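What the coordinates show
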Amino acid sequence: MNDASFPSILPTYARAPLSFERGEGAWLIERDGRRFLDMTSGIGVNALGHAHPALVDALSEQAAKLWHTSNLFNIPAQEALAAALVEHTFADTAFFTNSGTEALELAVKMVRKFWHDAGAPQRQTILAFEGAFHGRSMAAISAAGSAKLTTGFGPLLPGFRQLPFGDHDALTAALDDTIAAVIVEPIQGEGGIRVLPDVCLKGLREACDRTGALLIFDEVQCGMGRTGRLFAHEWAGVTPDIMMVAKGIGGGFPLGATLATAHAAAPMTAGTHGSTYGGNPLACAVGARVMEIVSAPAFLAEVARKGSTLWQHLEGLAATHPQVIEEVRGEGLMAGLKCVVPNTDLVAAARDQNLLAVPAADNVIRLLPPLTITEEELSEAIYRLDRAASTLSPA
Ligand SMILES: *Cc1c(COP(=O)(O)O)cnc(C)c1O
């Protein structure tokens, strides 16, 4: 007998009461016909908005030819995407996954194998930062370490330690020769759009160079053009040894990747890792098209320009509503509003104005519009947020 009182979908999400039927660029259309301005982009996934013609073409062309072969064979679209990623980043090589979490799993395995093969198996500990989010697998929650992610799920995987966010002294003190790697989001997404200052990223690189620890950047949310550079760490002028990418890279098709230098990746020889779906022809056909569009310098310059427009608007909004918004954070089209009122109140008030935003930790609401959003749509977003904030301000 089924328990009819238990939800047929495992109730792990607190969903908004909306069901979308269609999307057009920065707009989502509800079943009842209402049009919502989408400042969520599926949590930074729909980098080119909904139903972008180039992506619809890429997917349908590939769908008519070949869906899946497995990695038993060469996959030309995967090779093309890997070549583009290698050309445009620090990396020498890429492994494709279906998600950011799986990209984290490989990053961790790569670090362990690196020190194993280097004859220093005692170097096991990976340092992470408080407020981090790296996914929901056992390794990912063990890395992030917060009570919110880990309570009830012990025993956690050993070999992770968390340091206070942006505390260089704590980092320097912790970085001894038992440390295998350091993992950091250049901009924390779930953690509340907390930007790690350039000087910290530089300091981190220098500290890792001193001890030989590998440096992992998690650019699952802040990468793929979101900040106005292809990857957020480019602003600081430093590069990692390993980087996780996902979300925007597939434009809405499930796709992720772990990128690495030859130095870090060398121990990952045939048979050491794999994935049935990772890098499948459908995902890579779309990913290659996303990469082609997003990596164009003119596209990135446009994102940076729209980012500064958004920033100015948001500063104005915060100044108008000091009882609702206390701080604007972020870079490019990755913006956070630290709220005075509960962040979920502002998300709900915005929804009443047909604008969609994402809550984050630290009482922040996130605005992650499609990178293709227009100036007019950004102004419209501010207008709607202004009305939403007005409903929460004391009269
Ligand atoms: C979303 C996210 C992940 C996990 O990605 P999934 O595709 O949900 O597995 C990891 N790191 C960061 C920074 C993220 O924002």
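Residues numbered from 1 in each chain as written. Predicted model: local features only at pLDDT ≥ 70, side-chain atom pairs only at ≥ 80, totals over all residues. Heavy atoms only, no water.

**Some words on the sheet that holds strand β13 (residues 325-331)**
Strand order in the open sheet formed by 4 strands is β13-β14-β17-β16, and the pairing between neighbours is antiparallel. Sheet topology places β13 and β16 (358-360) at the edges, where each strand pairs with a single neighbour. Ignoring which end each strand starts from, the neighbouring axes of this sheet average 30° apart. (Pairing = 2+ DSSP bridges. Helix = DSSP H or I, 4+ residues; strand = E, 2+ residues; numbered from the N terminus. Axes fitted to C-alpha atoms, helices over the stretch in contact; angles between N-to-C directions.)

**Focus on the packing of aromatic side chains**
Tallied over the full model, the rule gives 2 aromatic pairs. When the centroid spacing of 4.9 Å and the interplanar angle of 85° are considered together, the rings of Phe 114 and Trp 115 count as edge-to-face. Exposure class is identical for Phe 114 and Trp 115. Each is buried. The cationic tip of Arg 194 hangs over the ring face of Phe 165; the distance from NZ or CZ to the ring centre is 4.3 Å. The ring centre of Trp 235 lies 4.5 Å from the NZ or CZ of Arg 229, which sits over that ring. (Phe/Tyr/Trp six-rings, centres within 6.5 Å; stacked < 30°, edge-to-face > 60°. Buried < 20%, exposed > 50% of the residue type's maximum accessible area, 1.4 Å probe, protein only. Lys NZ or Arg CZ within 6 Å of the ring centre and 35° of its normal.)

**Notes on the sheet that holds strand β10 (residues 214-218)**
Strand order in the open sheet formed by 7 strands is β4-β12-β11-β10-β7-β5-β6, with mixed pairing between adjacent strands. Each edge of the open sheet carries a strand with a single partner, namely β4 (93-97) and β6 (160-163). Put simply, the sheet's adjacent strands are angled 20° from each other on average, direction ignored. Two strands pair when backbone bridges link them, and β4 and strand β12 (residues 256-260) are joined in this way by 5 bridges, in the antiparallel orientation. Bridge pairing in β12 places Phe 95 opposite Thr 258. Strands β4 and β12 of the sheet are contacted by helix α3 (residues 76-88), whose axis makes an angle of about 130° with β4. (Contact = heavy atoms within 4.5 Å.)

**A word on the domain arrangement of the chain**
On domain assignment, one finds that the chain holds domain 1 (20-51 + 297-390) and domain 2 (66-294). Centre-to-centre separation of domain 1 and domain 2, based on C-alpha positions: 27 Å. Counting residues at the interface gives 28 residues for domain 1 and 26 residues for domain 2. Considering only the side of domain 1, the residues that lose the most area to domain 2 are Leu 300, Glu 331 and Met 334, jointly responsible for 29% of the buried surface there. Here Glu 190 ties to Arg 366 by a salt bridge, and the two come within 2.9 Å at their closest N and O atoms. On inspection of domain 1 and its partner domain 2, the count reaches 7 residue pairs in polar contact (both at pLDDT 80 or more). Take the side of domain 1 that touches domain 2: its biggest share by element is 4 residues, from helix α11 (residues 297-320). Grouping the constituent residues of the side of domain 1 that touches domain 2 by class yields 18 nonpolar, 6 polar and 4 charged. (Domains from an automatic or database assignment. Buried area = accessible area lost by both parts, 1.4 Å probe. Salt bridge = Lys/Arg side-chain N within 4 Å of Asp/Glu carboxyl O. Polar contact = N/O pair within 3.5 Å; in protein donor to acceptor, adjacent residues only side chain to side chain. Nonpolar A, V, L, I, M, F, W, Y, C, P; charged D, E, K, R; others polar.)

**Topic: the pattern of salt bridges**
Counted according to the given criterion, the structure contains 14 salt bridges. In this structure, the salt-bridge partner of Arg 329 is Asp 362, at a minimum N-O distance of 3.0 Å. Taken as a pair, Arg 329 in strand β13 and Asp 362 in the loop between β16 and β17 (364-367) lie far apart in primary sequence, 33 residues in all. Given the relative accessible area of 34%, Asp 362 is considered partly exposed. Close ionic contact of Glu 380 with Arg 384 constitutes a salt bridge, the shortest N to O distance being 2.8 Å. Separated by 4 residues within a single helix, Glu 380 and Arg 384 lie in helix α13 (residues 375-392), roughly one turn from each other. Residue class for Glu 380 comes out partly exposed when judged on its relative accessible area of 27%. Residue Arg 384 is classed as buried on the basis of its relative accessible area of 12%.

**Some words on the site of the ligand**
In the vicinity of the ligand, the contacting residues are Ser 99, Gly 100, Thr 101, Phe 133, His 134, Gly 135, Glu 185, Asp 218, Val 220, Gln 221 and Lys 247. Contact between the ligand and Phe 133: a nitrogen atom at 3.2 Å from a main-chain N or O atom of the residue. In the environment of the ligand, an oxygen atom lies 2.6 Å from a nitrogen or oxygen atom belonging to the side chain of Lys 247. Within the complex, the protein chains bury 83% of what would otherwise be the 380 Å² of accessible surface of the ligand. (Near = heavy atom within 4 Å. Areas by Shrake-Rupley, 256 points an atom, 1.4 Å probe, with all protein chains shown as cover.)

**Here we look at helix α10 (residues 281-294)**
Between its first and last C-alpha, α10 extends 20 Å over 14 residues, near the 20 Å set by a 1.5 Å rise per residue. By the criterion of burial, α10 is predominantly enclosed, with 10 of the 14 residues buried. Among the residues of α10, Pro 281, Leu 282, Ala 283, Cys 284, Ala 285, Val 286, Gly 287, Val 290, Met 291 and Val 294 are the ones counted as buried. On the buried face of α10, the contacting elements are α2 (53-65), α3 and α11. The opening residue of α10 is Asn 280, an N-cap whose side-chain oxygen sits 2.9 Å from the backbone nitrogen of Leu 282. (Expected span 1.5 Å × (residues − 1).)

**Some words on the environment of Thr 391**
Topologically, Thr 391 is positioned in helix α13. With residues near it in sequence (within four places) discarded, Thr 391 still touches Ala 349 and Gln 353. Of note is the side chain of Thr 391, whose polar atom sits 2.6 Å from the backbone oxygen of Ala 388.

**Remarks on the UniProt feature "binding site: pyridoxal 5'-phosphate" (unreviewed entry) in the chain**
Residues annotated in UniProt with the feature "binding site: pyridoxal 5'-phosphate" (unreviewed entry) correspond here to Gly 100, Thr 101, Phe 133, Asp 218, Glu 219, Val 220, Gln 221 and Thr 276. For the annotated residues, spread through 177 residues, the largest C-alpha to C-alpha distance comes to 25.1 Å, inconsistent with a single compact locus. Here Thr 101 lies in helix α4 (residues 100-117). With residues up to four places along the chain from it excluded, the contact list for Thr 101 reads His 134, Gly 135, Arg 136, Ser 137 and Ala 140. Mapped onto the elements of the fold, Val 220 is located in the loop between β10 and β11 (242-245). Filtering out sequence-adjacent residues up to four positions away, Val 220 remains in contact with Gly 100, Met 244, Val 245, Ala 246, Lys 247 and Gly 248. (UniProt positions renumbered as here; feature names shortened; annotations may be inferred.)

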